[in-house]
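Each chain is listed here by its residues.
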Amino acid sequence: MRIAEISSPEVRQTQPPDTITDLLSKLETLTAETERHSPESPLPDSITTNIRHVLSQLTPLAPFQNSVKLQIWKLSYRLWNACIDLSNFVRTSSCKVPEEHAKLRQVAADILFIAVDVTGVPSPYFKCASFFYKTGTIWHELCMYDLASNCFEKATDLTSKVDIMNVSDREERRLLLDLHIARSKTAWEVSDRNLAINLLNRSKRVLFGVADSYMALANQYMCFGKLVLSKSEACSANDAVKLMSEALELCEKGLRSVKKVDETLGLKELRLKTLRFMAASHLQRDEFDSVLKCVRVLRDGEKGEDHPSSSVLAMKAWLGLGRHGEAEKELKSMVVNKGIPEGVWVSAMESYLQAVGCSGVETAMGLFLGLLGRCHISAAAAFRVVQRVVADCLNGEGPRARAKVVAEFVSNDKVVALFSGEVAAKERSGMHALLWNCAADHFRSKDYEVSAELFEKSLLYVPHDIENRSLRAKGFRVLCLCHLALTHLDRAQEYIDEAAKLEPNIACVFLKFKICLQNNDHNGAITQVQAMPACIDFTPDFLSLSAHEAIACRALSVAVDSLSRLLTFFSMAKPMPTTEVIVFRTLITILIQQPQNEKEVLKYMKQAHSRFSDLGPERFFGSGEVGRRERNWFALNLWNIGLKSGQENNYDLCGELFRTCAEYYGVSIDGQMEGNNPMVCKSLILAVSAMLAGEKLSTNPLSDNEVKQAIDLLERAEKILMSGSMKTSIDDDQTTTIEPHFYFIYTLSAYDLYTRTNDTESKQLLLIKNYANSKHCNTNHLLQIGQNASEGPWPNTEVATFCFNTCISLLLSSASPDYQTVALILRKLITITGAHKCNAAADDDGNDDDGVYGMYKKAYRIMVGLKAGEYPVEEGKWLAITAWNRAALPVRLGQTVEAKKWMDMGLELAGRVPGMDTYKSCMEDFVSGVEKKVGS
């Protein structure tokens, strides 16, 4: 509420109201102010507000005198013209009419409305209605549809006061039509479609047979139909057809009503346009026959000048009916028609390709090339066509055939020329990417032939400049890959050489490496491996990859070289593709597969030993169970190769292998040996055994250092044998984790080595007695030790005698003695004792002779009680004959008693041996003769 309104009644009564003259004066002042306002500055809100305020005061004073009405009309027209000037300036500056201008027009129309029934002005109602119509049009442009609708409705009310039949003015008649159409458009915008259509139907009453009116109403029907058609719905297509039919009917009526030829031209053009949109509506509803009917009518009306859309509509209709031959004819006719825009033609070709599929690709490409020869086609159009073909190539049938056609098309000189120059740089890049991606898809599908062709064609769209050197090199590298897959090695070499010229890098070296592998050029492959670290972009991953490639090609020497070079990078603290232990394991596995590689295996085993000694076992092998498995793998392979080398009599290598094997088995992971002590012990024993075997084979005695080294190894083995980790001592009867024969090898090797040191005999005898008293003692092993002690360069009679006597004791104590072995041992004992008698000075009391006699006596006692033949006959004969022959020397020397002792022994033994009866008779006769001679 204003201050004046809250003042006292007395004050209000003292203020007389403004007269009409005052209000008109104020209105004129405001109008003049509006006329003076510069159009370059925004219109202030106060002008419209003030005019609206004066209007609100003037309205209650109606009705006015006619002179006042005329004055109001003049002011309204002045205000309206000022609005026109302001709007014209705004439109010339390409700006949207501001809302304030619309408000000012609205005020001008409202001012005119209060004096509409003026006398002396022709058609005042239509003039006022035109103000509201034009103001409503501006509100409509500003999307303020409620205000626009109010204006249109006021204008309609004003025109309704005049009988339509009495309207003769052309502009007034057109205003009636424009009002209905404007109201219809506003109703459509607020989604009141029924009212919009109803208003258009009402408009048919105010056409007055004018061509422009028919065209305006038909055009509005068609516009609504186009809007409905754009929604791509089935029900919308039905509504669109109805609206197009109304537009077509109006065109037909207009042509019948209008007689002037120049006025019918626009109607005929609109009719054809409507028919085209009707055909599009039918096409959207898949009513292909109706489309063709519309096209026939269109072509009859076009009189040989075929509109671009007619061929497109006809082609799509024929495609919908499945008549591809007719569709192809329509497409070919479009090539001949020079008036068809490029975009329409390309769109038609896309539709054709999408419907026809692989069978139409060649046709479409041929037509496009024909079009190139006739007129200028942009690179963008060519790109769209190829993009469609490639899309169908990837998703449809026959991709290989389509790819071939695409390759031929894009390699055409005319097509390539389209993409030359800076103008087509974007399309050229797009074409290259399109061909590259299509080729990549074929490559992934392992269709390397098509892939190579497409990759090669994509290079046609890469400029030969410095900026694109890398891209061209990339293309050459991928072409090399394709021809590698196709085993076209010469072409692959050509491409990679070109790539190396443009951009030398690790990828080029690696691809050359692959070519060498496929050519079985292992030396060349090794050369490429050697060149890899010199590349700027080298990473150790390429050496790992090279090793895998070489293994896949069974080029094991190349794989070994790659892996050995890879090992050199682990000490540089660089990021590596895998762990060092895996590289060693892979390398050794490869070497094991090839013969005569034992020395190389030992070399890398020692290298690995050096690495884990520096890094620590856990960092090299890994911790926990994984680390233990890795350690055991290395140790077990050393063990197996050592056994193989020993079987091949390569004892020097065998000893080194077992010695290294012991080092591996002796590695502690997480502080645990996990029972590997037995394997350490075995490896040490076999290492020393191999050293001694090598000495015998080469006949070169071990040096003092080697002997000392071997003894040290055996002492380590002895500590393990004696340790608690073995769960038993040497003399225990409990089960041990070491097989008995290893204890025998240890004893035999130690005996051999002790012969080369001081205080030999005492150490040897103690060693043998310990073995003989252990549960591991075996008569065969003990017999072998005895034989070694009795023979060789350093014989030990005491040890040999102990061994043989212990063997006899063990054999005789068994349930079923082996008398053959017993006989052999007895012969050995007799031989040793006899040899000792000959080599050493005999005692005066004949102890040595008694020792030999004791052996014969022992043999006799063994033979007593045995069945005939149970004791070896030949050995028995040998005993009897050698005992008899031992009497020969005493007989010559006249030692009758000594001679009689041996002859009696020979007779007793001969009596226990089958088949010696003749010998025994001769012996008895000789004894009798000797006795007689002695008695005489």
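Just above sits the structure.
Our subject in this report is the structure included herewith. All values derive from a computational prediction rather than experimental measurement. (Residues numbered from 1 in each chain as written. Predicted model: local features only at pLDDT ≥ 70, side-chain atom pairs only at ≥ 80, totals over all residues. Heavy atoms only, no water.)

**A few points about the pattern of salt bridges**
And then number 1: A complete count under the given rule lists 29 salt bridges for this structure.
And then number 2: The residue R444 makes a salt bridge to D441 at a minimum N-O spacing of 2.5 Å. Separated by three residues within a single helix, R444 and D441 lie in helix 21 (residues 425–444), roughly one turn from each other.
And then number 3: On the accessibility criterion, D441 (24% relative accessible area) is partly exposed.
And then number 4: One continuous salt-bridge network, built from bridges that share partners, spans R52, D110 and K154. (Salt bridge = Lys/Arg side-chain N within 4 Å of Asp/Glu carboxyl O. Helix = DSSP H or I, 4+ residues; strand = E, 2+ residues; numbered from the N terminus. Buried < 20%, exposed > 50% of the residue type's maximum accessible area, 1.4 Å probe, protein only.)

**Digging into the side chain of R477**
And then number 1: Following the sequence through the fold, R477 ends up in helix 23 (residues 469–485).
And then number 2: Overall, R477 belongs to the buried group, its relative accessible area being 14%.
And then number 3: Discounting chain neighbours no more than four positions away, the residues touching R477 are I496, A499, E503, N505, A507, C508 and L511. (Contact = heavy atoms within 4.5 Å.)

**Considerations on helix 35 (residues 704–722)**
And then number 1: Taking 1.5 Å per residue as the helical rise, helix 35 with its 19 residues ought to reach 27 Å, and the 26 Å between its terminal C-alpha atoms agrees with that figure.
And then number 2: Restricting attention to buried positions, one finds in helix 35 the residues V707, A710, I711, L713, L714, A717, I720 and L721. (Expected span 1.5 Å × (residues − 1).)

**Examining the environment of L713**
And then number 1: Of note, L713 is situated in helix 35.
And then number 2: A sequence separation of 30 residues divides L713 from S683, and the C-alpha atoms of the two residues are 9.7 Å apart.
And then number 3: If near-sequence neighbours (up to four positions away) are discounted, L713 is found in contact with R659, L684, A687, V688 and M691.

**Some remarks on unusual backbone geometry**
What is expected of a backbone is that most residues other than glycine have negative phi and most peptide bonds are trans.
And then number 1: Here the phi dihedral of S123 falls at roughly 45°; this positive angle occurs in a residue that is not glycine.
And then number 2: Its location among the elements puts S123 in the loop between helix 5 (99–113) and helix 6 (124–141).
And then number 3: Here the phi dihedral of N649 falls at roughly 65°; this positive angle occurs in a residue that is not glycine.
And then number 4: With respect to the helices, strands and loops of the structure, N649 is situated in the loop between helix 32 (624–647) and helix 33 (651–665).
And then number 5: A relative accessible area of 41% places N649 in the partly exposed class.

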